[in-house]
Each structure stands twice: as C-alpha cells, then as structure tokens.
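Listed here are the chains, written in short residue letters.
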Amino acid sequence: MLGAAWSLQSFATHGSVDVRELMGCVLGTAVAVTITCHVATLDHESHKRQRLLDELTATQAERAAAERQAGTLAERQRLAREVHDTLTQGFASIAMLLDAVGDDLPLDSPAARRVEQAMRTARDNLVESRRLVHALRPAPLDRTHLADAVRELTARLTEETGIEAYTVVTGRPVALPPATEGELLRVVQEALTNARRYARPVSVAVTLSYLGDLLAIDVQDDGTGFAPAARHTGIGLITMREPIAALDGTFAVESAPGEGTTIAVTVPLPVDSPAPEASAAVSGTERLAPAS
C-alpha cells in the first residue's frame, strides 16, 4: 500500500514513474505478502500440532487409566483366589473335622458344647471369607442382568446340591443401577446360602416381581424353618437387612419351625427405565426347570 501510494505521488508530481522504483515496490510487496503467508502457515501448523499433542496426551491418559483398571481387576482376582484357596478352604476343612469330632462325643457333654461353639465360629468365618471372595471377584452382573444372574444362582444350587431350585420372573424387567443390582444379587445369594446350609430344603423358589414402581423379591424354601425372634440378630440376616435399608427398601422374614422360610424384599424402581436387553423377552411368569 505504501509503495502504491508513493508511486501515485511520484506520477502526480513528475508526470512519470521510474521503472526501477516501480519494480522495487512490486518486489517489496511480493516479499511482504510471502512473509505474511509463511507466518500464517506456521501459525496454522503450530495450532494443528498443538491439537495433535492434546489428542495424544488424552489418548495416553485413557490408556493409562485402562491399564490401571485392568491391573486393579487382576489384583482383585488374585486376592480372591488366594482367599479362596487358603482361608475359605481352611475354614471348610475345620468345620468338617469339627463336625466329625462332634459325632463321636456324647450329646450335651461339655466337650460337645465347646466343639459346637468352635464349629459355629468356623462356619461364620467361612461365610465371611466366601463373602469376601464374592466381593473381590467380578460379579455375574458384569456380563448379564439381575434376573439372569439369579437364574444362574438357582441353577448352580440345583447342580451342586440336588435341591429343586428355580427362578420365577413376573412383570416387565426394569434396568436398575449396577450398584443396586449388585446389592440385590448378594442378598439373594446370602438367602440361598442360608437355605442350603441350615434349612435342608427339598425345593427353593426365587421370585422377582416387577410391579411398576416396585421390585419385590421373595426367596422361599420348604426347609426346617426357625423362630425369627431367636435369629433376629443373626449375622446372615443383618448382612441382608442393612443393604436393603440403604436402598430405601423393606426386608422381612417369615418362618416357623417345620414350616420353611420366606425372605421378602422390596425396593423402589426408577421411573421410565428401559427393560434390559438380556431380559427383554421375559413377560408374564417364567419358571426355569432345575438343571439336570
């Protein structure tokens, strides 16, 4: 612009423009334009390089987080195996040995009572170690939903013990937060464990009833039963009652000696939650035959 203005001024004053001066102005303008374009290109490349560096940093951070998560899961699985292979197996062996010793002792003798106390302690610690193993291992809900995970539990109970165990699902299954489904699955698991260990049932039924804004879970067995007042503070009932209370749900036990036991749980359902894909085909009432 300055060169053009100077050339016009020279032409107006002298009536002509020197060719060399004109060429100098043109070259100067070309050099200025070239430098400006080069600076703009460098600035664009710099911003592009910075974006690539930011993306690389974000990718590296995501990869590091994934590696940390994978390492954490691997360590949890290792600890679960260690606890299972040492403490759990050890408590199970102690309980079996004490049971055998108790059969050889006179009933109501002081030694028999002490063996019974030791056996109860071993079994309580066995329950705790198994709970720890289940807490450390990835839950079945990592690969499925609550109704399907409960089906797996009842099928496994039948396979391992011969007890006729089955799952009934009524209503339209609703997806729950993973933490909620995990707590409910542990409650069902504890109820089945108690029925297996203490009730000596012929059959066990787990019913999941989706009632619009409420999920009701009933675990019913036809075993020996007990007086709920005498077992109100038992560790098994406490470990089931506390998480349900934290979910704003209700927990009840119905039992009587010789009349079986029913564990009844209700929890509120989220509004307008979609049905999980794994259970989308479930409607009405479904009873799964025990595994053969």
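Residues numbered from 1 in each chain as written. Predicted model: local features only at pLDDT ≥ 70, side-chain atom pairs only at ≥ 80, totals over all residues. Heavy atoms only, no water.

### Focus: the packing of aromatic side chains
For step 1, the next point in the chain: Taken as a whole and judged by the stated rule, the model has zero aromatic pairs.
For step 2, the next point in the chain: Arg-197 extends its terminal NZ or CZ atom over the ring of Tyr-198, reaching a point 5.9 Å from the ring centre. (Phe/Tyr/Trp six-rings, centres within 6.5 Å; stacked < 30°, edge-to-face > 60°. Lys NZ or Arg CZ within 6 Å of the ring centre and 35° of its normal.)

### Concerning helix H4 (residues 146-161)
For step 1, the next point in the chain: An ideal rise of 1.5 Å per residue puts 22 Å on 16 residues; H4 measures up with 23 Å between its terminal C-alpha atoms.
For step 2, the next point in the chain: Buried within H4 we find Leu-146, Ala-147, Asp-148, Ala-149, Val-150, Arg-151, Leu-153, Thr-154, Leu-157 and Thr-158.
For step 3, the next point in the chain: Gly-162 sits one or two residues past H4 and shows a positive phi near 85°. (Helix = DSSP H or I, 4+ residues; strand = E, 2+ residues; numbered from the N terminus. Expected span 1.5 Å × (residues − 1). Buried < 20%, exposed > 50% of the residue type's maximum accessible area, 1.4 Å probe, protein only.)

### Focus: helix H5 (residues 178-199)
For step 1, the next point in the chain: Over its 22 residues, H5 extends 30 Å from the first C-alpha to the last, a length consistent with the 32 Å expected when each residue adds 1.5 Å.
For step 2, the next point in the chain: One or two steps after H5, the chain reaches Arg-200, where phi turns positive at roughly 50°.

### Description of the environment of Arg-114
For step 1, the next point in the chain: For Arg-114, the position within the fold is in helix H3 (residues 110-136).
For step 2, the next point in the chain: Accessibility expressed as a relative area gives 54% for Arg-114, which makes it exposed.
For step 3, the next point in the chain: Once the C-alpha coordinates of Arg-114 and Gly-102 are considered, the two residues, twelve residues apart in sequence, prove to be 9.4 Å apart.

### Comments concerning the confidence of the model for the chain
Predicted coordinates in regions of low pLDDT should not be interpreted in detail.
For step 1, the next point in the chain: For the chain, per-residue confidence averages 77 on the pLDDT scale, and 73% of positions sit at 70 or higher.
For step 2, the next point in the chain: Long-range and interchain partners of residues 277-292, a stretch whose pLDDT sits below 50, account for 34 contacts in this model, where long-range means more than four residues apart. (pLDDT = per-residue confidence, 0-100. Contact = heavy atoms within 4.5 Å.)

### Concerning the pairing of strand S3 (residues 214-221)
For step 1, the next point in the chain: When strand S2 (residues 203-210) meets S3, the two strands line up antiparallel, connected through seven bridges. Each bridged residue has a counterpart across the sheet, and for Tyr-210 the counterpart in S3 is Leu-215.
For step 2, the next point in the chain: The hairpin turn running from S2 into S3, its antiparallel successor, is three residues long, and Gly-212 in that turn takes a positive phi close to 80°.
For step 3, the next point in the chain: Where S3 and strand S5 (residues 261-268) come together, eight bridges link them in antiparallel fashion. Counterpart to Leu-214 in the pairing with S5 is Pro-268. (Pairing = 2+ DSSP bridges.)

### Observations concerning the nonpolar core
For step 1, the next point in the chain: Leu-146, Leu-184, Leu-208, Leu-215 and Val-265 are the most contacted members of the largest nonpolar core, which totals 34 residues.
For step 2, the next point in the chain: Listed by contribution, the elements that provide at least two residues to this core are H4, strand S1 (164-170), H5, S2, S3, helix H6 (235-246) and S5.
For step 3, the next point in the chain: For this core, the element with the highest residue contribution is H5, accounting for seven residues.
For step 4, the next point in the chain: Here Leu-215 is in contact with Leu-146, Leu-176, Leu-184, Leu-208, Ser-209, Tyr-210, Val-265, Thr-266, Val-267 and Leu-269, once residues within four sequence places are set aside. (Core = buried A, V, L, I, M, F, W, Y, C linked by side-chain atoms within 4.5 Å.)

### A short note on the packing of H4 against H5
For step 1, the next point in the chain: Relative orientation of the contacting elements H4 and H5 amounts to 20°, with a least axis distance of 10 Å. Relative to H5, the element H4 is oriented roughly parallel. The chirality of how H4 crosses H5 is right-handed. In this structure, H4 uses Leu-146, Ala-149, Val-150, Leu-153, Thr-154, Leu-157, Glu-160 and Thr-161 to contact H5, whose residues at the interface are Glu-181, Leu-184, Leu-185, Val-188, Gln-189, Leu-192 and Arg-196.
For step 2, the next point in the chain: When its residues are assigned to classes, the contact of H4 with H5 shows nine nonpolar, three polar and three charged. (Axes fitted to C-alpha atoms, helices over the stretch in contact; angles between N-to-C directions. Parallel < 35°, antiparallel > 145°, perpendicular 65-115°, else oblique. Left-handed = near helix turned anticlockwise from the far one by under 90°. Nonpolar A, V, L, I, M, F, W, Y, C, P; charged D, E, K, R; others polar.)

### Comments concerning a nonpolar patch on the surface
For step 1, the next point in the chain: The grouping of Val-31, Ile-35 and Val-39 at the surface amounts to a nonpolar patch, some 260 Å² of accessible area in total.
For step 2, the next point in the chain: Along the chain, Val-39 falls in helix H2 (residues 19-103).
For step 3, the next point in the chain: Taking the relative accessible area as the measure of exposure, Val-39 reaches 48% and is therefore partly exposed. (Patch = residues over 30% accessible without salt bridge, like charges linked within 9 Å, V, L, I, M, F, W, Y side chains within 5 Å. Areas by Shrake-Rupley, 256 points an atom, 1.4 Å probe, with all protein chains shown as cover. Salt bridge = Lys/Arg side-chain N within 4 Å of Asp/Glu carboxyl O.)

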